[in-house]
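Inside the fold
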Amino acid sequence: MTPPRTVDGITVSRSAPDHGSSTRRRWAPLFVGASLIACTGTPARTLESTATTNVGAGGGGGSGGNTDVTTGGGGGSGGRGRLQAGLRDEGLVVRYFLEEVSGGSELVHDAGPAEIDLQILQSGNLQFGGVPGRRGMTWTDAASVDGAVLALGDTRLIPIFSGATELSFEAVLDVTEATPQGSRVIHYGGGDDGGGFSLQVRSPREVTFSMAGATIWGCRWAFDVEARSVLHVVYDGSQAPSDRVRIYGNGRQLTPYFTADAPPQVATGAEDRLWLGNRDGQNRSFIGTLGYAAVYARALDEPTLFAHVERLLVNDDAAED
C-alpha cells in the first residue's frame, strides 16, 4: 500500500476510506417530506500511482461559447489564455478559478471549453481576495443573498445535466459557519427545491449531497471543512443504487453516516440554474471562502482525483501566461 502523502501540511490519503468507529456520534435521520431514506457506502480501492498530467495553456483548447464538453485530455481553457497545470480536463463542463473576480469584475469566468460565465450577486456580504494561491470568494453572512449564478435564460447546461448518468464535483473551501438547512457550495436547481444536484455544508463538520430523481435523495458525511479542504463528489449511475455516490475529503473516501439509494440519472427542471455559494431562493450562503469549483460530465477516476487534490491543496488559483 502506498503511504499517505503530506501536501502543504495536509495528509492526502490514497488508500482505504474512513469507516468511522463504533463510538461515532449518532445523528438524527434526514426526512424528506414524509419519507425516511437510508443505505450504506462502498470502500475505495488502493491505488499505487497518481501521476499528474498537465493541461496545456489556453488558446488551443475549448470552442469558446458552444456547449460541447471536452472529451480529450489535452485541450486548453477556451481561448482565455490561462494555465491549468496539474488539472486534467477530460469531461470538463465548467471550471471556476475564483481569484480572478477580485479585480472588480461582475462575472465569474469559466476556464472550461464552453465559457459558461456566472453573474455575481453582491449585497455587501461577499468579498474577494486572499493570499496568492488561496484567493477566492468569501462570505461574511451564513444566510445572505450573495453568490454567483448562471444568467436567466442561459440553457447551455440543460442538455449536459439532464439525464446525465455520470458527474463529478470539485471544490476548495473553508467554512466557519453554515445554515442548518444546508449552505450551498455547488448547486443546480430552481426556486427553493433541492435541485438537480446540490453539494452543501450544514456545519463546519458536516457535508451533504442531494439529487432530485423519483424522490429527493441525500447523504451526509462527517468531515471538517473549517480548515481549507478539497472536496470531491463522484456520481456514477451505472453502479448499484447504494454505491452511486462517493465523496472524498482531501483524497480520502468518506463513509456516510446517513445515505440513501441514488437515482440512476440526473433529473433537472427547465428553470434550473447553476449557483456557487447560494440558490435561487437565496439565504443559503456560508461564512467562509470558496476558492475553486468545477464540474465534470464523467465519474473521475481516483488517480485523476488524487492528482487534483495535490495540485489544489498547494494552489487553487489559475496561473497567467
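For the structure, check the block above.
Residues numbered from 1 in each chain as written. Predicted model: local features only at pLDDT ≥ 70, side-chain atom pairs only at ≥ 80, totals over all residues. Heavy atoms only, no water.

A look at the overall build of the protein chain
Of regular secondary structure, the protein chain possesses two helices and 22 strands. Among the 321 residues that make up the protein chain, the fraction classed as buried is 52%. Counted over contacts in the protein chain with a minimum sequence separation of 6, partners at least 24 positions apart contribute 68%. Here the protein chain has roughly 12,400 Å² of accessible surface; of this, 49% comes from carbon and sulfur atoms. (Helix = DSSP H or I, 4+ residues; strand = E, 2+ residues; numbered from the N terminus. Buried < 20%, exposed > 50% of the residue type's maximum accessible area, 1.4 Å probe, protein only. Contact = heavy atoms within 4.5 Å. Areas by Shrake-Rupley, 256 points an atom, 1.4 Å probe, with all protein chains shown as cover.)

Notes on the nonpolar core
Counting 51 residues, the largest nonpolar core has Leu-157 and Ile-186 as the members making the most contacts within it. Setting aside its immediate chain neighbours within four residues, Ile-186 contacts Phe-169, Glu-170, Ala-171, Phe-197, Ser-198, Leu-199, Leu-274, Trp-275, Leu-276, Ala-293, Ala-294 and Val-295. The next biggest cluster of nonpolar side chains, apart from the first, holds 19 residues, and it includes Tyr-248, Tyr-296, Ala-299 and Leu-305. (Core = buried A, V, L, I, M, F, W, Y, C linked by side-chain atoms within 4.5 Å.)

What about the packing of aromatic side chains?
Evaluation of the coordinates by the stated rule reveals seven aromatic pairs. For the ring pair Phe-169 and Phe-209, a centre distance of 5.3 Å and an interplane angle of 45° mean the geometry is tilted. Linking Phe-169 in strand β12 (residues 166–177) with Phe-209 in strand β15 (residues 206–212), this pair joins segments that are 40 residues apart in sequence. Of the residues examined, Phe-209 reaches a relative accessible area of 1% and is grouped as buried. Connected via pairs of aromatic rings, a cluster forms that spans Phe-161, Phe-169, Tyr-188, Phe-197 and Phe-209. (Phe/Tyr/Trp six-rings, centres within 6.5 Å; stacked < 30°, edge-to-face > 60°.)

Some remarks on the environment of Ala-318
With respect to the helices and strands, the residue Ala-318 is situated in the loop between α2 (302–314) and β22 (319–320). Along the primary structure Ala-318 and Gln-84 are separated by 234 residues, whereas in three dimensions their C-alpha atoms are 6.0 Å apart.

Considerations on α2
Taking 1.5 Å per residue, 13 residues should reach 18 Å; α2 reaches 19 Å between its end C-alpha atoms and fits that length. A large share of α2 lies buried, amounting to 11 of its 13 residues. Among all positions of α2, only Glu-302, Thr-304, Leu-305, Phe-306, Ala-307, His-308, Val-309, Glu-310, Arg-311, Leu-312 and Leu-313 are buried. With a side-chain oxygen positioned 2.9 Å from the backbone nitrogen of Thr-304, the residue opening α2 is Asp-301. (Expected span 1.5 Å × (residues − 1). Polar contact = N/O pair within 3.5 Å; in protein donor to acceptor, adjacent residues only side chain to side chain.)

What to know about the side chain of Ser-229
Among the structural elements, Ser-229 can be located in strand β17 (residues 229–236). Here Asp-224 takes part through its backbone oxygen, which lies 3.5 Å from a polar atom of the side chain of Ser-229. When near neighbours in sequence (up to four residues on either side) are disregarded, Ser-229 contacts Ala-171, Val-172, Leu-173, Phe-223, Asp-224 and Asn-250.

Overview of the pairing of strand β14 (residues 197–203)
Burial of β14 is extensive: six of the seven residues sit out of reach of the surface. In terms of strand pairing, strand β13 (residues 183–189) meets β14 through five bridges, oriented antiparallel. In the sheet register, Tyr-188 faces β14, and the bridge partner there is Phe-197. Where β14 lies against β15, six bridges are found, and the strand directions are antiparallel. Residue pairing in the sheet places Phe-197 in a bridge with Met-211 of β15. With antiparallel pairing between neighbouring strands as the criterion, β14 and β15 make up a hairpin whose turn holds two residues. (Pairing = 2+ DSSP bridges.)

A closer look at the pattern of salt bridges
Following the criterion strictly, the structure yields seven salt bridges and no others. Across the pair Glu-206 and Arg-220 runs a salt bridge, and its minimum N-O distance is 3.6 Å. With Glu-206 in strand β15 and Arg-220 in strand β16 (residues 216–222), this pair connects stretches of sequence that are 14 residues apart. Salt-bridge contacts for Asp-280 lead to Arg-273; the nearest nitrogen and oxygen are separated by 3.1 Å. (Salt bridge = Lys/Arg side-chain N within 4 Å of Asp/Glu carboxyl O.)

Regarding unusual backbone geometry
In this model, Glu-115 sits at a positive phi of 50°, which is unusual for a non-glycine residue. Structurally, Glu-115 can be placed in the loop between β7 (107–108) and β8 (118–121). Of note, Asn-250 is a non-glycine position whose phi angle comes to about 55°, a positive value. Locating Asn-250 in the fold gives a position in the loop between β18 (245–249) and β19 (252–253).

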